[in-house]
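Fold and geometry: a report
These are the residues of each chain, in order.
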Amino acid sequence: MATASVYPNMKEFDDINFSVHKYTKELTRECVGGSDLQQRKKEIEAYNETTAATLKQTCKNNYMEFIQTAKEISHLESEMYQLSHILIEQRNILATMTDGKTASRLKADSVEAESSTAADDVQNSHATRAVKEMVQGFNGNLEGKTFLNEGALIELDANDYRPIQRVFFFLFNDVLIVCKVKHDKRLDFLKEYDPKKIAVINIKDLDGVKNAINIITPDGSKIYQSITAAGKSEWIEKLEEAFRFDQQKKTKKGQAPQPPTRAKQQSSKSSTPEKIISTPSVQSPPEPKSLENETPEWLSTASEEIQTLVAQRHFEDAQDLIKRKQEYVNGENRKKLSQAESIESKVKQQELKLINVLLKELSNSHNRNLQIALRAAQRPLKILVEMGRYRQASATLLKVCAVSLRVSQREARRNNADISELFFCDLTQVACDYLTAFEQQPACVSALVVWCNAELQYFASQLIKHYLTKGTSLETVAKCVERVRKPSTKLTEIGLDISYHMEGLLRTTLESLIEDSKERLLDSVGRSEESWQPYNLQTKSHLKRLLLELDVLGIDVRAQATGDTWINLTQSTVVFIRHFLQLTEHCGGLAKCETLLQKLELLLKELFMAHHSQKAPSDMAVDPNFVMKNKIFLVDNLLPIAIDKFRQISGRQCEILRELHTKMSRQQGAPLPRQRSVYTTDVF
């Protein structure tokens with residue numbers, strides 16, 4: 001094999017007695033560390049790719065040689081038929097014609113040939129003029145060429161038989177002109193081919209496409225569809241006629257036979273029957289072989305038929321034929337075959353070729369839309385599973401799904417869509433289809449778990465890169481994490497619990513964001529100037545709106561409302577109450593993960609203590625009872641509500657805040673007496 005010379009260390013793979021288990025043991029014994037194993041893995045993968053490419057090229061070359069040989073056989077059969085026809089015609093002529101009748105018949109034939117030639121010349125000139133007038137962009141010379149056929153076809157996609165464009169063919173004896181039909185019915189020149197350098201393959205009618213032919217050109221294989229079955233047959237016949245045009249022309253325009261003399265007639269009458277009788281003896285069939293060594297006719301032509309079926313994408317029929325050959329060779333008929341081992345080796349080679357074609361077909365099924373990719377992969381995947389190639393099929397399918405998954409994620413980010421729900425829905429769909437396809441192979445489930453792990457790591461990295469960046473507010477972080485947690489639980493319905501692993505991938509980033517948020521919140525405490533006076537909302541509507549907002553957050557401050565627009569708390573205390581309860585909701589959502597619970601409790605504790613410990617400036621005249629009232633309200637009213645809200649949202653007890661509440665409740669003392677100015681005098 002050519003690839004073995006390029007990779008000298010891979011000669012062991014070509015050995016018939018190659019053992020994977022033994023080779024793996026020797027490889028682990030020779031390699032030192034993981035880097036050596038990775039290097040050897042890359043070499044083996046490169047060798048695999050080179051070998052696959054070589055096999056593909058060899059298959060293509062063999063197929064082209066098969067087509068060429070089939071053409072040559074067809075030509076030989078045509079020539080033999082013409083030769084036999086000529087011999088019979090000569091015999092009849094020599095036996096019946098006379099000198100006068102022969103001369104008159106030859107004269108009439110010459111007149112008829114001249115008239116047909118003139119008609120052909122007129123038709124050719126009309127076709128040439130039509131091509132020059134109708135086809136835009138064609139500059140070829142059509143003088144002296146014979147027109148054979150013209151018509152409209154539809155070019156189909158080779159993968160899914162989807163219509164690509166409408167085309168129009170002009171066929172001459174040595175050129176095939178392909179034109180594109182525009183919307184305004186005009187023809188635009190696309191390509192020209194030599195009919196002797198193309199091959200035509202008839203495609204069987206399928207459910208999705210009928211009346212189609214496969215034309216193999218130097219540029220590659222293309223599929224065209226005719227409107228009717230008669231049109232399809234006509235194109236196949238005309239293309240074959242163009243291929244054999246030169247041979248037919250030589251036969252038709254050969255030297256006309258001269259009328260024989262009477263002596264020659266007598267000699268020909270005596271000699272011709274002997275030749276005609278002796279001709280079948282040359283083609284007499286060989287002696288029949290014994291029944292033990294006789295090979296069935298279908299087995300002899302099965303190899304060519306398999307190649308044709310693969311080329312026409314009839315993979316199911318090719319698989320059935322390979323399976324039939326294997327059963328015949330390995331069954332009771334093995335003793336009757338003289339070359340059973342060679343036939344068995346050919347069957348294995350054909351099976352490997354079909355597997356490679358199916359894997360290529362499966363790898364090319366990726367699409368931006370995951371549903372379309374999975375639907376396109378069903379056909380080759382099913383055949384590979386039936387052939388026992390579970391590992392290769394599963395690995396290729398997961399690669400295709402990974403490409404489609406990541407492309408859809410990029411498009412969702414570009415369109416500002418919710419990527420979390422999209423990712424986990426796609427992941428669930430892939431897992432369901434994968435488990436359905438490989439339900440009889442539990443060993444393939446491990447590959448799905450490894451693939452899910454890799455895709456989760458990629459998704460988490462993109463989430464951190466685009467959404468959980470440094471400086472993101474705690475509210476945005478909580479919403480993002482909640483959008484990730486909800487759809488991730490869907491996978492538990494099919495037996496994959498990835499929530500814990502997802503929390504672990506985001507844990508470090510979330511802890512860092514919590515610390516940054518704590519620093520920003522603590523820095524913001526005390527920046528605004530506090531007047532330590534009751535809060536005046538100016539209007540009744542403002543007061544009513546504020547009370548409703550606080551009711552939604554779970555705290556009732558109506559007892560502190562005085563008058564029509566006043567609240568007997570400072571403005572900073574009211575703002576802190578609203579902000580602290582909102583922050584408690586966000587922290588409660590994040591605290592559903594136990595690993596983040598302690599940091600979130602510390603954030604709430606330090607923020608509460610920072611605001612509670614604020615003092616009035618020494619040079620400001622304030623009422624100490626009013627200051628104490630604000631602090632008592634925070635401890636007795638706000639803190640219990642925050643503890644209960646945290647527990648309801650996260651489902652966990654906030655022990656640190658409970659200890660803080662107990663401690664600060666004990667430290668609260670009685671209100672201080674208001675300072676009074678004492679009048680002093682020195683008069684006695």
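Residues numbered from 1 in each chain as written. Predicted model: local features only at pLDDT ≥ 70, side-chain atom pairs only at ≥ 80, totals over all residues. Heavy atoms only, no water.

In this section: the packing of aromatic side chains. Using the criterion set out here, one finds 13 aromatic pairs in the structure. Three or more aromatic residues link up through ring pairs in this structure, and these residues are F169, Y224 and W235. A cation over a ring is seen here: R406 above Y458, with NZ or CZ 4.0 Å from the ring centre. (Phe/Tyr/Trp six-rings, centres within 6.5 Å; stacked < 30°, edge-to-face > 60°. Lys NZ or Arg CZ within 6 Å of the ring centre and 35° of its normal.)

To continue, consider a negative patch on the surface. Together, E305, D317, D320 and E386 line one region of the surface with negative charge. In this structure, E386 sits in helix α12 (residues 370-386). Residue class for E386 comes out partly exposed when judged on its relative accessible area of 49%. (Patch = residues over 30% accessible without salt bridge, like charges linked within 9 Å, V, L, I, M, F, W, Y side chains within 5 Å. Areas by Shrake-Rupley, 256 points an atom, 1.4 Å probe, with all protein chains shown as cover. Salt bridge = Lys/Arg side-chain N within 4 Å of Asp/Glu carboxyl O. Lys, Arg positive; Asp, Glu negative; His and termini not counted. Charge placed at Lys NZ, Arg CZ, Asp CG, Glu CD. Helix = DSSP H or I, 4+ residues; strand = E, 2+ residues; numbered from the N terminus. Buried < 20%, exposed > 50% of the residue type's maximum accessible area, 1.4 Å probe, protein only.)

The next point concerns the sheet that holds strand β10 (residues 561-562). As summarised here, the arrangement of the 3 strands in space is β9-β11-β10, forming an open sheet in which the pairing is antiparallel. If you trace the sheet from one side to the other, it starts and ends with β9 (535-536) and β10, each paired once. Two strands pair when backbone bridges link them, and β10 and strand β11 (residues 566-567) are joined in this way by 2 bridges, in the antiparallel orientation. Within β11, the residue paired with A561 across the bridge is I567. (Pairing = 2+ DSSP bridges.)

It is worth spelling out the pairing of strand β4 (residues 176-181) at this point. With 5 of its 6 residues buried, β4 lies for the most part within the structure. In this sheet, β4 lies alongside strand β3 (residues 163-172) in antiparallel orientation, the contact comprising 5 bridges. In the sheet register, F168 faces β4, and the bridge partner there is C179. What sits between β3 and β4 in their antiparallel hairpin is a turn of 3 residues. Here 6 bridges tie β4 to strand β5 (residues 187-193), and the two strands are oriented antiparallel to one another. Among the inter-strand pairings, V178 is bridged to a residue of β5, identified as K191. The loop that links β4 with its antiparallel partner β5 comprises 5 residues; one of these, K185, has a positive phi angle of about 70 degrees.

It is worth spelling out the packing of helix α13 (residues 390-414) against helix α15 (residues 445-466) at this point. Pairs of packed helices are described in terms of their axes, by the angle between the two and the distance that separates them. Orientation of α13 relative to α15, taken along the N-to-C sense of each, is 20 degrees, at an axis distance of 11 Å. With respect to each other, α13 and α15 are oriented roughly parallel. Of the two possible hands of crossing, α13 and α15 adopt the one that is right-handed. Within the contact between the two elements, α13 uses L398, C401, A402, L405, R406, Q409, R410 and R413 and α15 uses A447, L448, W451, E455, Y458, F459, Q462 and H466. (Axes fitted to C-alpha atoms, helices over the stretch in contact; angles between N-to-C directions. Parallel < 35°, antiparallel > 145°, perpendicular 65-115°, else oblique. Left-handed = near helix turned anticlockwise from the far one by under 90°. Contact = heavy atoms within 4.5 Å.)

Once that is clear, we can look at the confidence of the model for the chain. One rule of thumb: low pLDDT means the predicted coordinates there are not for detailed reading. Mean pLDDT over the chain works out to 79, with 82% of the residues at or above the 70 mark. Here helix α7 (residues 262-282) stands out as the least confident element of the chain, with mean pLDDT 37; β4 is the most confident, with 91. In the model, residues 1-8 has pLDDT below 50 throughout and makes 13 contacts with residues more than four positions away in sequence or in other chains. (pLDDT = per-residue confidence, 0-100.)

Here we take up the nonpolar core. Membership of the largest hydrophobic core comes to 105 residues, with the highest contact counts inside it found for F424, W451, I577, F608 and L638. The residues contacting F608, other than those within four sequence positions of it, are F576, F580, L634, V635, L638, L639, L660 and M664. Counting residues in hydrophobic clusters, the runner-up holds 16 residues, among them V178, V200, Y224 and L239. (Core = buried A, V, L, I, M, F, W, Y, C linked by side-chain atoms within 4.5 Å.)

If you trace the 8 strands from one edge of the open sheet to the other, you get β1-β5-β4-β3-β2-β8-β7-β6, paired in mixed fashion. Sheet topology places β1 (135-136) and β6 (199-202) at the edges, where each strand pairs with a single neighbour. As defined by bridge partners, strand β2 (residues 147-156) adjoins strand β8 (residues 220-225) across 3 bridges and the pair is classed as antiparallel. Bridging across to β8, L156 finds its partner in I223. In the packing of helix α5 (residues 229-243) onto the sheet, the strands contacted are β2, β3, β4, β6 and β7 (212-217), and the crossing angle to β2 comes to about 125 degrees.

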